[in-house]
Amino acid sequence: IHINPEMLGKIYEKHEKASKKYLLIAEYYSRKPEKLSYRGFEDLLYKRDFAGEFMDKFPRFKLLDYGFVYHRDSNHPQDDINWFLLEKII
């Protein structure tokens, strides 16, 4: 979420190479890329469909599961984030 979108291709490639079987992506989600203010700064927080972009770039990865973490969950407090578990099909 703090990576400049122009660098995401390189970051996705590093994740693909580092993954032997699974990849978990847990970030803020938006169907359309968004740029948000972060602690008073611009160009430091981005929301988008990171998992979808990753699977489009690397079709060997398939979606296994996904979910949402809610900030009001008293058992597991966290920001509102979506998570996606991908499997690398070899």
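One can find the structure itself at the top, above this paragraph.
These figures come from a predicted structure and were not determined experimentally. (Residues numbered from 1 in each chain as written. Predicted model: local features only at pLDDT ≥ 70, side-chain atom pairs only at ≥ 80, totals over all residues. Heavy atoms only, no water.)

Trainee: Is there a simple way to think about the sheet that holds strand E5 (residues 81-88) in this case?
Mentor: Paired through backbone hydrogen bonds, the strands of a sheet run either parallel or antiparallel to each other. Strand order across the open sheet formed by three strands is E1-E5-E4, with antiparallel pairing between neighbours. The open sheet has two edge strands with one neighbour each: strand E1 (22-27) and strand E4 (61-69). The mean inter-strand angle of the sheet, taken between neighbouring strand axes irrespective of direction, is 15°. Bridge count for E4 against E5 is eight bridges, and the pairing is antiparallel. In the sheet register, Phe-68 faces E5, and the bridge partner there is Asn-82. Helix-sheet contacts for helix H2 (residues 50-57) involve E1, E4 and E5, and the interaxial angle to E1 is about 145°. (Pairing = 2+ DSSP bridges. Helix = DSSP H or I, 4+ residues; strand = E, 2+ residues; numbered from the N terminus. Axes fitted to C-alpha atoms, helices over the stretch in contact; angles between N-to-C directions. Contact = heavy atoms within 4.5 Å.)

Trainee: What exactly am I supposed to notice about the pattern of salt bridges here?
Mentor: Opposite charge on two side chains allows them to pair when their charged atoms are near. By the definition in use, this model includes six salt bridges. The partner of Lys-57 in a salt bridge is Glu-13, and the shortest N-O contact between them spans 3.6 Å. Here Lys-57 is found in helix H2, whereas its partner Glu-13 is found in helix H1 (residues 8-18), with 44 residues between them in sequence. The class for Glu-13 is partly exposed, based on a relative accessible area of 35%. Its salt-bridge partner being Lys-35, residue Asp-43 comes within 3.0 Å of it at the nearest N-O pair. (Salt bridge = Lys/Arg side-chain N within 4 Å of Asp/Glu carboxyl O. Buried < 20%, exposed > 50% of the residue type's maximum accessible area, 1.4 Å probe, protein only.)

Trainee: Got a minute to help me understand the environment of Leu-86 in this structure?
Mentor: When you line up the elements, Leu-86 lands in strand E5. Spatially, the C-alpha atoms of Leu-86 and Asp-65 are 7.3 Å apart, while their sequence positions differ by 21 residues.

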